[in-house]
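# Commentary on secondary and tertiary structure
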Amino acid sequence: MYKKLALITQLNGENAVDDELMQRLFTREQRELLIHSSFLSKIGTKWSFDIAFFQENIAALALLQMPLGSVYDMVTVGVARRRIKTKWIQTIASYISLLEEGDSRKESVLELVRNDNIELITFCDASKLSFDFRLQTVKEVFQKCIRLSSFPRVTRVDVIAAFIKNEAEGIKYLLSIVQSSNTSQVKALSWRVIEHFDDLGSLRNDVKQEILNTIKNIEDGGFARILVDILTKFNLVLDEDICCLLRPSKLLQEPEYLNGLFDLLISKNLVDKYYYVGLEAVDVFENHDKVQRQYKAQAKLEYFLMLPNDPNNVIAFLKLVHSKKWGPIYRDTYLNDDKQVLLKEMCELAIRIHPQNALVFFPVADILRYQISRPHNKEYIHLYEFFRKTDTVPLFFKLSLKIVDKIDLPYLALLVTKECCDFIFDNLEIEDEENVVEDKRLLPQSQIVQMYSWIRYWKEDDNLANLFHERLLHTTGIDYNKLQEERNGEHFLLEAKKHENDLKHILSPDAFIAGLTAFFQAYGSNSIPSDKVFVGVSPNIVRRLADSTFISNFLLRFEYDKKEISLSDCLNVVEKDGWFECFRAKQIYRYHFPTEESIAILSPFLKNYYSQEIQVTNFVNAIRQNGNTYSMDKKANFLKEIFVKFKYETAQENLLKMLWVIWDGFHHLKRNNYGTNQNTTLSELIIENVVSKEQLIETIISNLKSDIQADRVIASHLELCRHLEINEVTEFILDERIFSRFADYEQTHIVEIFTQLGGDEQKLLELFRKLGTVGEKNVVLYLDLSKRLLQKNKIEIVNSLLGTLSNLALDDSRRLEVSIRLISAGQEVGFAFFVDGIVQGKIWLEHFHRSLSLLNIPAKLVLKEMQRIIHHILDKSEPIESRDYSIKDFIWDCLFKVSKRNEEDLLDVESFLYTAYDGLKDSHSNAHEILFCIDRVLENYRDLDGNVYQPTDISRILATVDWAN
């Protein structure tokens, strides 16, 4: 049963089988046994093996019971270039391992794999193959890598190492590759395979000497890192050999090499002896981070610097941290959490060393004193632990007194102990209004008061805070606790009074006039300068007692009109008929200090205003348009905002009236997938609350047939039609009355809605024919319609596109888009024009390549045009993160797309690339990259569609298996 299930899972292509297929292929009793297996899991309706490796190897057992021809048909794709499907690679490797020596199937399958990709053999069980065969296989893998100047495409270095199995002859071969090959990639591959061996046996010294000789002559830090890692892993280096690794000056400027060197020194317990290497490397990593911006490239350096046992080394490191060298690394390349970890480790290092050398106190104190006034000073709280655990807090305070003008003392609050209090208050500067002492040695009283506040509320040490307050009271005669309580109490009382005034003045016009009068009286005049309106936390208690949010908001509306605001002007406005009710509603709508009491008082006013005004307000064409400028009736807009925010119950006829103030445009009912905190739109609220959907649809259609003045209102109505699937509008939305009001890019939205609602395609064809000469004003619509109509009207659309392509008056970028339409129609002339654009440098490929489909153009025609630009496949590649999509990328993409269509096209691409290689190999030193491209094309072909079998096919295949054998 396991073999059968493993084979089914492989054929199914998902590493899982659903219940329906299980019931079809297994009896109930079999399913009962399988569900209790320790190898399997059933999650929901899916059955699967817990470990994919088990599945692949058990499936190999099933293959043993099948005819070899059936196996080939099932696991391969292609005929002339037969490739094993990716999903079956490990299974076939296991299948080979299970076949006995002398079995004719084994030789046949090995030949299949060899013709496919020699690398695949390395996945076989090495114990089932002779060493001579394995060594020959590895030699062929390396010969392929030398030919392509690349690493293996399918296998891995650890797999190759396991395949050789630490055999001396295998190691000797790899060393011979290192000594003879001119290709750095292949040399690196050899060393990486050696790195993955378990033991070097009698060749330890040979490997060591080769590494030491190689390091003298290379400058690649990454390559050198591999060599040093080998020395570290196999413990090949003696102490006297370290000097050889420190001689190559250029390698000592490579962070990768240095990181490997740090690992080696740590493993040999030579951190203290060569600690200077880490200190000198700080400059290297700083310069590297400036160029590469590689986050945490210095992680190994940091770890190395935290390991010394020699106090002199620790002191040297801490002095470095205090210096300007360390600042840029710390500031620019560390995230906040990592800064905390670094400082904590630094503190633990200093604490560990302090018993051996108390002088470590001074660099730690320098770091904290220097950084405590910086914007990121809170990060240095971890260093406080050093002073606490070494009983040096008082000493640190005494030293800090010397730079009191440069340090923000309140930040030391978390460091204060009882022992510090005498020192602090003996040096406190007493503030006297008549004669302020200005002794720079003394601690400013204001900062000590703030320090007390931090001790009380941040350090949360009540005993220390109480002692600190007693000393503060004794020294200054001021009870700061009582003073703060009085200030807080007064502030709360005044804020409560302001809130009380709000609720009283907003009740009626007379109450508001009374509040206005009181506000002016508190100021002491019948006019107030506009810059004096805001009261805030003014010390003038009389004004604060008369303050009101609503009064201030009303007066501030005059601020831009007049420099002086008079009471009489205000009263003239308030006494206007109906003004106060509108003002009150707007103030309540925007009120930012809601409480249960205020909501109970204010909400009814707003709700009554909404209920009355919604019935009498005319919403028809409340949004007006003048050119590209829109304006809206203020009352209609306000009523809409009230409904959206408070969702008051609204009669259906009034809900439908608000359709006139929806102006969110096309696509406003589409939700994105970037978050759930998205406000509900007016459209959604109307749809949700309307009683009769039929009446809603009738109103939308009626509005569209009427004279809507604003284009965005029309667009919003059309979007509602899309959402509600109102098919009736397809009869008229392409009419001149609506359609001509929009620019061509907006017209494409209308066409999209028309299509989605099942509009007659013949109308689109008629619209396409009416466009006439294609120019900048209609080209977007033209391109959209040509794409939609191409499949069913190919001849007419292609002829039109060909004519437009020759229109020299059209912008080049638009003609390129026309060529893309022709390419999708299978027209070689379109692809030729596109390639012309590449040759002439007129194409921004980053913009165009994603819309390019070569599906309908024969491979030979594509390759014919590619001949003109194939040399660009050898262009130098820029780092991915710093480049745009290039011509080289375009060529690769085209070749992959064409080669994956079928085997015939694959063979055409392969032949084309070999021809290109022959033509370029003499003039280009990197022509081997074309061979690499051929290898990639062949590799990609193994993933051709067809890896997944349907249930009927699975049943047919299972019938060919001899399960009884």
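Residues numbered from 1 in each chain as written. Predicted model: local features only at pLDDT ≥ 70, side-chain atom pairs only at ≥ 80, totals over all residues. Heavy atoms only, no water.

## Regarding the overall build of the chain
- Tallying secondary structure elements over the chain gives 51 helices and eleven strands in all.
- Looking at the chain as a whole, 50% of its 965 residues qualify as buried.
- Across the chain, contacts joining residues at least 24 apart in sequence account for 70% of those joining residues at least 6 apart.
- With an accessible surface of roughly 48200 Å², the chain has 49% of that area assigned to carbon and sulfur atoms. (Helix = DSSP H or I, 4+ residues; strand = E, 2+ residues; numbered from the N terminus. Buried < 20%, exposed > 50% of the residue type's maximum accessible area, 1.4 Å probe, protein only. Contact = heavy atoms within 4.5 Å. Areas by Shrake-Rupley, 256 points an atom, 1.4 Å probe, with all protein chains shown as cover.)

## Structural notes on the sheet that holds strand β2 (residues 40-43)
- Ordered by their spatial adjacency, three strands build an open sheet running β1-β3-β2, and the pairing between neighbours is antiparallel. The open sheet has two edge strands with one neighbour each: β1 (17-18) and β2.
- Summarising the sheet, β2 and strand β3 (residues 46-49) pair through four bridges and their orientation is antiparallel. Residue Lys42 lies in a different strand from β3, and its bridge partner there is Trp47. (Pairing = 2+ DSSP bridges.)

## A closer look at the confidence of the model for the chain
- The share of residues in the chain with pLDDT of 70 or more is 89%, and the mean pLDDT across the chain is 84.
- Every residue in residues 432-441 is under pLDDT 50, and counting partners more than four places away or in other chains gives eight contacts.
- Considering only residues more than four positions removed or in separate chains, one finds that residues 673-677, a stretch of pLDDT under 50, has zero contacts. (pLDDT = per-residue confidence, 0-100.)

## Let's talk about the packing of helix α1 (residues 2-12) against helix α51 (residues 951-958)
- Put simply, α1 and α51 touch, their axes get as near as 10 Å, and they point 140° apart. Comparing their axes, α51 and α1 come out oblique. As for how α1 packs across α51, the hand of that crossing is right-handed. Taking contact as the criterion, the partners of Lys4, Leu7, Ile8, Leu11 and Asn12 in α1 are, on α51, Ile954, Ile957 and Leu958.
- Grouping the constituent residues of the contact of α1 with α51 by class yields six nonpolar, one polar and one charged. (Axes fitted to C-alpha atoms, helices over the stretch in contact; angles between N-to-C directions. Parallel < 35°, antiparallel > 145°, perpendicular 65-115°, else oblique. Left-handed = near helix turned anticlockwise from the far one by under 90°. Nonpolar A, V, L, I, M, F, W, Y, C, P; charged D, E, K, R; others polar.)

## Considerations on unusual backbone geometry
- A positive phi angle is found at Ser149, which is not glycine, with a value near 50°.
- As for its position among the elements, Ser149 is in the loop between α8 (131-148) and α9 (157-164).
- Here Ser149 falls in the buried class, since its relative accessible area comes to 14%.
- Not every positive phi belongs to a glycine, and His667 is a case in point at roughly 65°.
- Following the sequence through the fold, His667 ends up in the loop between α35 (652-657) and α36 (682-689).
- Given the relative accessible area of 24%, His667 is considered partly exposed.

## Details of helix α5 (residues 68-75)
- Taken residue by residue, α5 has Leu68, Val71, Tyr72, Met74 and Val75 as its buried positions. With its buried residues spanning 170° around the axis, α5 presents them on a single face. (Arc of directions from axis to C-beta.)

## Considering the packing of helix α28 (residues 509-523) against helix α31 (residues 567-574)
- Running from amino to carboxyl end, α28 crosses α31 at an angle of 170°, the nearest separation of the two axes being 11 Å. In terms of orientation, α28 and α31 fall into the roughly antiparallel class. Contacts between α28 and α31 pair Pro509, Phe512, Ile513, Leu516, Thr517 and Phe520 from the former with Leu567, Cys570, Leu571 and Val574 from the latter.
- Of the residues that constitute the contact of α28 with α31, the class distribution is nine nonpolar, one polar and no charged.

## Topic: a nonpolar patch on the surface
- Together, Tyr2, Phe39, Ile51, Phe53 and Phe54 make up a nonpolar patch on the protein surface, roughly 440 Å² of accessible area in all.
- Take Tyr2: it is sitting in helix α1.
- Note on Tyr2: relative accessible area 32%, which makes it partly exposed. (Patch = residues over 30% accessible without salt bridge, like charges linked within 9 Å, V, L, I, M, F, W, Y side chains within 5 Å. Salt bridge = Lys/Arg side-chain N within 4 Å of Asp/Glu carboxyl O.)

## A look at the packing of aromatic side chains
- Across all of its chains, the model carries 26 aromatic pairs by this definition.
- An aromatic cluster of three or more residues is present, and its members are Tyr589, Tyr609, Tyr610, Phe638, Phe646 and Tyr648.
- Here Lys645 stacks its cationic end above the ring of Tyr589, 4.5 Å away from the centre of that ring.
- The ring of Tyr630 carries Arg712 above its face, with NZ or CZ at 5.6 Å from the centroid. (Phe/Tyr/Trp six-rings, centres within 6.5 Å; stacked < 30°, edge-to-face > 60°. Lys NZ or Arg CZ within 6 Å of the ring centre and 35° of its normal.)

## What to know about the environment of Ile601
- With respect to the helices and strands, the residue Ile601 is situated in helix α33 (residues 596-616).
- Look at Ile601 and you get partly exposed, because its relative accessible area is 29%.
- Residues Ile601 and Leu503, spaced 98 residues apart in sequence, show a C-alpha to C-alpha distance of 7.3 Å.
- In this structure, Ile601 is in contact with Leu503 and Leu507, ignoring residues within four places of it in sequence.

## Some points on the environment of Lys418
- Looking at the secondary structure, you find Lys418 in helix α24 (residues 418-426).
- With near-sequence residues (within four places) excluded, Lys418 lies in contact with Leu464 and Leu467.

## Considerations on the pattern of salt bridges
- One pass over the structure, following the stated rule, counts 41 salt bridges.
- Note that Glu256 is salt-bridged to Arg225, the shortest N-O span being 3.7 Å. Of the two residues, Glu256 sits in helix α15 (residues 255-267) while Arg225 sits in helix α13 (residues 221-233), which places them 31 residues apart along the sequence.
- Judged by its relative accessible area of 38%, Glu256 is partly exposed.
- A relative accessible area of 17% means that Arg225 is categorised as buried.
- A salt bridge links Lys888 to Glu929; the nearest nitrogen and oxygen atoms lie 3.1 Å apart. Taken as a pair, Lys888 in helix α48 (residues 887-899) and Glu929 in helix α50 (residues 928-941) lie far apart in primary sequence, 41 residues in all.
- Looking at Lys888, the relative accessible area reads 8%, which means it is buried.
- Given the relative accessible area of 24%, Glu929 is considered partly exposed.
- One continuous salt-bridge network, built from bridges that share partners, spans Arg225, Asp229, Glu256, Asp263 and Lys300.

## Regarding α13
- In this model, α13 (13 residues) spans 18 Å end to end at C-alpha, consistent with the 18 Å of a helix rising 1.5 Å per residue.
- The N-cap residue of α13 is Asp220: its side-chain oxygen and the backbone nitrogen of Gly222 are 2.9 Å apart. (Expected span 1.5 Å × (residues − 1). Polar contact = N/O pair within 3.5 Å; in protein donor to acceptor, adjacent residues only side chain to side chain.)

## Observations regarding the pairing of β3
- Relative to β3, β1 is paired through two bridges, and the arrangement is antiparallel. Residue pairing for β3: Val17 is matched across the bridge by Trp47.
- What sits between the antiparallel neighbours β2 and β3 is a turn of two residues, in which Gly44 has the positive phi angle 65°.

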